[in-house]
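Overview (structure and organization)
Each chain, written out:
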Amino acid sequence: MEPLWSIAVAALEEKKATNVVVLDVRESCSFSDYIIICTGMSDRQIKAMAEHVIEVAGKPFGSEGIEQGRWVLLDYLEVVIHIFQDDIRRYYDMEGMWLNAKRLVG
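Re the environment of K59
Structurally, K59 can be placed in the loop between α2 (43–57) and β3 (62–64). Linking K59 and L77, residues 18 residues apart in sequence, is a C-alpha distance of 11 Å. Beyond its immediate stretch of four places on either side in the chain, K59 contacts I54 and Y76.

Brief notes about the pattern of salt bridges
Evaluation of the coordinates by the stated rule reveals five salt bridges. In this structure, R70 engages D87 in a salt bridge whose closest nitrogen and oxygen atoms are separated by 3.3 Å. Placement of the pair is R70 in the loop between β3 and β4 (71–75) and D87 in helix α3 (residues 86–92), with a sequence separation of 17 residues. On the accessibility criterion, R70 (36% relative accessible area) is partly exposed. Overall, the relative accessible area of 39% leaves D87 in the partly exposed class. Two residues, R89 and E95, come together in a salt bridge whose shortest N-O distance is 2.3 Å.

Here is what the cut-offs are and how they apply
- Residues numbered from 1 in each chain as written.
- Predicted model: local features only at pLDDT ≥ 70, side-chain atom pairs only at ≥ 80, totals over all residues.
- Heavy atoms only, no water.
- Helix = DSSP H or I, 4+ residues; strand = E, 2+ residues; numbered from the N terminus.
- Contact = heavy atoms within 4.5 Å.
- Salt bridge = Lys/Arg side-chain N within 4 Å of Asp/Glu carboxyl O.
- Buried < 20%, exposed > 50% of the residue type's maximum accessible area, 1.4 Å probe, protein only.

In structure tokens, the structure reads:
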């Protein structure tokens with residue numbers, strides 16, 4: 001069976017996500033196994049990306065920011081997905097926060 005993070009990445013890429021990164025945080029995180037970070041070009045695209053992931057992967061345990069479309073968080077417990085507009089992604093530097101995590105993609 002294909003892992004959830006892989007299903008989510010495929011769904012994001014179908015909606016033209018850029019700079020997709022998948023981090024394996026099992027060694028350093030208690031709330032999730034994988035973190036996906038990607039970029040969308042507009043609020044409309046980011047909303048479409050989030051809705052497509054939900055359509056493909058199912059309803060998340062929690063979600064934030066879908067209506068605003070600047071930074072969307074989808075929490076599937078074992079996988080947490082962050083979809084950013086570029087300026088917000090650079091500002092929060094999630095990859096820098098998880099510098100020691102193994103990169104599976106990106």
